[in-house]
Amino acid sequence: MIYSSNDTALVVIDPQNDVLSEHGVSWDLVGESIQENNTVENLARLFAAAKENDFQIFVSPHYLYPADQMWAFGGPVEKMMLDSREFYRADPLSLDDFARSGADWLERYKPFIDDGKTVVVSPHKMWGPQTNDLVLQLRKRGISKIILAGMLANLCVESHLRELLEQGFEVAVVKDATAAPRHPDLGDGYKAAIVNYQFLANAVLSTDESVTLMSASTTANDLVAPPFDLASATHKVRLAEDAWNSRDPSRVSLAYTEDSIWRNRSEFVTGRDAIRTFLAGKWEREHEYRLVKSLWGYKENRMAVRFQYEWHDVAGNWYRSYGNELWEFDESGLMRRREASINDVPILESARRFFWKAPGPRPADHPGITEIQ
């Protein structure tokens, strides 16, 4: 999945006291899972990243009213909810006694939810969104991709995942921004959920990965696609340079297809996961890394690029690495093949050419390859 604020939204299920607060009625069952996953903090990070990067947020809450207490039958967890009055509201048309109740939002999430921009849909009554207007609200706002998080992993989150997939959405589940009950008889709901996420979801991500992807999100207008002209090819090279200078493997990997093929020196790498692993190792070895790229040539969906980067090893020995790359892109502008030949030249620290605050992009007034040769 490619995250874009144009068509991707954060959907959070049940960010409410009864399932997230130490004082909630479900804490005895879910507390250990929440603490192990750091769920409360991770949900806050997702809310913040979505707001900072202009992603729409939708909250699908769970409320149970006095009339629901008269249901004639139900499953084991359904009965637990009714007996414990989880998510209970005394009146669907009144907020009397609602503040700080088990049905209220966790206090730290209120600035994100109550800002007048977050869409709070009608409540789901059981587990999934079939009984509320979440799908309608998403469709009306042009959303086709979803970052899914919240509570509880094996119940409401998994049920939302299944229905949203059936409705034709692409869904990525954030595995550590959720949690589930550990019941002495029924078992560990979180383990069950993770197995099913891996079978069902379009992606299963960590909070770190999701925040990085939202921060590095690319709108349709920013994703430069072939055929290239001089302006678009030059821009594409600069986008790549800026991404690599972030030293963020997750961000860099977004520029490549899921099955992208690399040759980097004598090493062969295939696929985004392998690319992320390769880059993480590279930047553990190459300290104070700063990179400059320059367009060499282009035609249709291919480019030739030259580059230099400076770095030092753990012993403090400095190098300038000289390289040439061949790039091939798919029709959307993602790179599906990269061939890189690189030579490392030892230099004195006093011979360095690249100076800017790093990690971070090369400033516009800092010389590039053509200016320093």
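Above this text sits the structure in question.
So, here is what we can say about the structure in this document. Nothing here was measured: the structure is a model prediction, and the numbers come from that model. (Residues numbered from 1 in each chain as written. Predicted model: local features only at pLDDT ≥ 70, side-chain atom pairs only at ≥ 80, totals over all residues. Heavy atoms only, no water.)

1. A short note on the sheet that holds strand β9 (residues 256-264)
Moving on, step 1. Here 6 strands make up an open sheet; going across it, the order is β10-β9-β14-β13-β12-β11 and the pairing mixed. Bordering the open sheet on either side are β10 (267-270) and β11 (287-299), each of which pairs with just one other strand. Recorded for the sheet is a direction-independent mean angle of 20° between the axes of neighbouring strands.
Moving on, step 2. Here 4 bridges tie β9 to β10, and the two strands are oriented antiparallel to one another. By the bridge assignment for β10, Trp262 is matched with Val269. (Pairing = 2+ DSSP bridges. Helix = DSSP H or I, 4+ residues; strand = E, 2+ residues; numbered from the N terminus. Axes fitted to C-alpha atoms, helices over the stretch in contact; angles between N-to-C directions.)

2. What about the sheet that holds strand β5 (residues 170-179)?
Moving on, step 1. Across the sheet, which stays open at both edges, the 6 strands sit in the order β3-β2-β1-β4-β5-β8 with parallel pairing between neighbours. Each of the sheet's edge strands pairs with one partner strand only, and the pair in question is β3 (119-120) and β8 (203-205).
Moving on, step 2. Both β5 and β8 contribute to a ladder of 3 bridges, which runs parallel. Among the inter-strand pairings, Ala172 is bridged to a residue of β8, identified as Ala203.
Moving on, step 3. Relative to β8, helix α9 (residues 207-215) is tilted by about 105°, and along the sheet it contacts β4 (145-151), β5 and β8. (Contact = heavy atoms within 4.5 Å.)

3. A look at the pairing of strand β14 (residues 335-347)
Moving on, step 1. Direction of pairing for β9 relative to β14: parallel, over a ladder of 5 bridges. Considered in β14, the bridge of Trp262 is made with Arg338.
Moving on, step 2. Pairing between strand β13 (residues 318-329) and β14: 12 bridges, direction antiparallel. Each residue of the ladder has a partner; that of Tyr322, found in β14, is Asn343.
Moving on, step 3. Following β13, the chain reverses through 5 residues before pairing antiparallel with β14; Gly333 in that reversal takes a positive phi of roughly 100°.

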